[in-house]
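So you can see what is in the structure, the chains are spelled out below.
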Amino acid sequence: MGVDSGLPDFRGDTGFWRAYPLYQRLGISFVDAANPEHFEHDPAFGWGFYGHRTNLYRATVPHPGFGLLLDWAARFGLDTFVATSNVDGQFQKAGFAEQGVLEFHGSIHHLQCTGPCCDRIWDNREQFRIDEDTMRADHVPLCSRCGRAARPNILMFGDYAWIGERTARQQERFRQFLSRQSGRRIVVVEMGAGTAIPTVRAASERIGALSGARVIRINPREPQIRAPHLSLPCGALEGLSGIERMLRLTEA
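Residue indices begin from 1 for each chain and proceed along its sequence in written order. Totals for whole chains, interfaces and linings use every residue, but because this is a predicted model, local features are given only for residues with pLDDT of at least 70 and side-chain atom pairs only at 80 or more, for both listing and counting. For the side-chain quantities, the full set of heavy atoms in the structure was used; hydrogens and water were omitted.

**A word on the sheet that holds strand β3 (residues 106-113)**
We apply this condition: The pairing criterion for strands is at least two bridges between them, as found by DSSP. Numbering of helices and strands starts at the N terminus; helices are DSSP runs of H or I of at least 4 residues and strands are runs of E of at least 2. In this analysis an axis means a line fitted to C-alpha atoms, helices contributing only their contacting stretch, and an angle means the value between N-to-C directions, from 0 to 180 degrees. Should any heavy atoms of two residues lie within 4.5 Å, those residues are considered in contact.
Strand order across the open sheet formed by 3 strands is β4-β3-β7, with antiparallel pairing between neighbours. Looking at strand neighbours, the two that pair on one side only are β4 (121-123) and β7 (150-154), the edges of this open sheet. The average undirected angle you get between the axes of adjacent strands in this sheet is 50°. One ladder, built from 5 bridges, connects β3 with β7; its direction is antiparallel. Its bridge partner lying in β7, Q112 is registered against R151. Sitting on the sheet, helix α5 (residues 43-59) is in contact with β3 and β7, with an inclination near 135° to β3.

**Focus: the pairing of β3**
Put simply, the test is: For every residue, the accessible area (1.4 Å probe, protein chains only) is compared with the maximum for its type, and the residue is labelled buried under 20%, exposed over 50%, or partly exposed between those bounds.
β3 sits mainly inside the fold: 7 of its 8 residues count as buried. Strand direction decides the pairing type here: β3 and β4, joined by 3 bridges, are antiparallel. Considered in β4, the bridge of Q112 is made with I121.

**What to know about the pattern of salt bridges**
Rules: Salt bridge, as applied in this entry: a Lys or Arg side-chain nitrogen positioned within 4 Å of an Asp or Glu carboxyl oxygen.
Summed over the entire model, instances satisfying the criterion amount to 17 salt bridges. R136 serves as the salt-bridge partner of D42, at 2.9 Å between the closest nitrogen and oxygen. Highlighted residues: D42 in the loop between α4 (37-41) and α5 and R136 in strand β6 (residues 136-137), separated in sequence by 94 residues. Relative accessible area serves as the criterion here: at 27%, D42 is assigned to the partly exposed category. The exposure class assigned to R136 is partly exposed, which follows from its relative accessible area of 33%. E172 serves as the salt-bridge partner of R175, at 2.7 Å between the closest nitrogen and oxygen. Linking R175 with E172, this pair stays in helix α8 (residues 165-180), spanning 3 residues, or about one helical turn. Residue classification places R175 among the partly exposed positions, given a relative accessible area of 48%.

**Thoughts on the packing of aromatic side chains**
Two aromatic rings are characterised by how far apart their centres lie and by the angle between their planes. Note the threshold: Aromatic rings from Phe, Tyr and Trp, taking only the six-membered ring of Trp, are treated as a pair when their centres fall within 6.5 Å; an angle between ring planes under 30 degrees marks them as stacked, one over 60 as edge-to-face, and anything in between as tilted.
Enumeration according to the criterion identifies 19 aromatic pairs in this entry. On the basis of an interplanar angle of 85° and a centroid distance of 5.8 Å, the ring pair of F30 and F157 is categorised as edge-to-face. In this pair, F30 is assigned in helix α3 (residues 30-33) and F157 in the loop between β7 and α8, connecting sequence segments 127 residues apart. When the ring of F91 is compared with that of F96, the centres are 5.3 Å apart and the planes differ by 75°; the resulting orientation is edge-to-face. In terms of burial, F91 and F96 fall into one category: buried.

Dropping the structure here:
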């Protein structure tokens, strides 16, 4: 979904290194960069990656596909909920209600203690300058309670310190949303959910197994899904725009 807004595609080391060539020279993969150990041993380096991403996500303007989804909800009087593995906050930035978003892996716009010393999660209001020759941040946010380095409230690879309470509350709201849909027709519009980290893909298929549910899988690389669900082998914006054209034809 974010790629059509100009955000980098981290799929595979090639895509990651295209966005961050220094890491290729250092032999660091996406899995290596997205590792909580950096915040323990070299937090300025850890924040080099996540501070750069914080700046990038703040500067990014959501593409028109987000607006199409919002328009469909208003036009057809739909009860909707967003479930995403993205940590960029683009759905909220595009106008989706905070109470109707589930971020499976957390959010870069929230922080926690590295320890953690407590379960506190707070807003990321930090400003970062990144030396792109070294990928180090100019400063390290600190936990106000214990003084240790703070880190993004994101579920990283090999992460045993992530505080999941915020996401757990979102998951409960999502569960309540699905409960309200009992006996109703459900459409899942899935965009760019791959098999490498299949969190969203698996959720779509669980919902798609319900009676009266249909999944529209929009994916340029891995679009396969069994009938009666639909597969669109293209990017998110192209797929959403194609659906909009068909809707306009049926309304004409």
